[in-house]
Amino acid sequence: MRIIAELPHPEFKISILNMNQKFIVKIEKGTLEQSYKIPEMDLTEGVNSVFELLDEEFLKTVSARFAEMGKDFRESYYRYNY
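None of the values given here were measured: they were computed from a predicted structure. (Residues numbered from 1 in each chain as written. Predicted model: local features only at pLDDT ≥ 70, side-chain atom pairs only at ≥ 80, totals over all residues. Heavy atoms only, no water.)

**Q** What should I look at first to understand the overall build of the protein chain in this one?
**A** Regarding its fold elements, the protein chain presents two helices and four strands. For the protein chain, the sequential pattern of α-helices and β-strands runs β-β-β-β-α-α. Over its C-alpha trace the protein chain gives a radius of gyration of 15 Å, far above what one expects of a compact globule, namely 12 Å for 82 residues. Its C-alpha atoms give the protein chain principal-axis dimensions of roughly 50 × 25 × 20 Å. Of all 82 residues assigned to the protein chain, the portion counted as buried reaches 27%. Relative to all contacts within the protein chain whose residues are 6 or more apart in sequence, the contacts with residues 24 or more apart total 34%. Surface accessibility of the protein chain: about 6100 Å² in total, with carbon and sulfur atoms responsible for 52%. Placing the 11 positive and 14 negative side-chain charges of the protein chain at their respective mean positions leaves the two points 7 Å apart. (Helix = DSSP H or I, 4+ residues; strand = E, 2+ residues; numbered from the N terminus. Rg over C-alpha atoms; globule rule 2.2 N^0.38 Å. Buried < 20%, exposed > 50% of the residue type's maximum accessible area, 1.4 Å probe, protein only. Contact = heavy atoms within 4.5 Å. Areas by Shrake-Rupley, 256 points an atom, 1.4 Å probe, with all protein chains shown as cover. Lys, Arg positive; Asp, Glu negative; His and termini not counted. Charge placed at Lys NZ, Arg CZ, Asp CG, Glu CD.)

**Q** How should I be thinking about helix H2 (residues 56-81) in this particular structure?
**A** Note: α-helices contain 3.6 residues per turn, so residues at a spacing of three or four share the same orientation. Given a rise of 1.5 Å per residue, 26 residues ought to cover 38 Å, and the 37 Å separating the end C-alpha atoms of H2 matches this to within 8%. Three or more residues of H2 are buried, namely Leu59, Val62, Ser63, Phe66 and Gly70. At its buried positions, H2 is contacted by strand E2 (13-19), strand E3 (22-29) and strand E4 (32-39). (Expected span 1.5 Å × (residues − 1).)

This is the structure we're talking about:
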């Protein structure tokens, strides 16, 4: 697996990796991570197509999902520790 691109974003760390004829989009925020695997053959323009997939609407849902993930983890942590 190798990193082929990193996209600047004020809220997340976005990395695009390549492994086994797949692009892997890894988005990190703090201790949380989301990843998306896309077969290379599904994208006509290679990594440039991956950049197009990461539009503002998609990144808004990623942000909302991180908020939910954080909430879920905090609730679980609280149940475990208290």
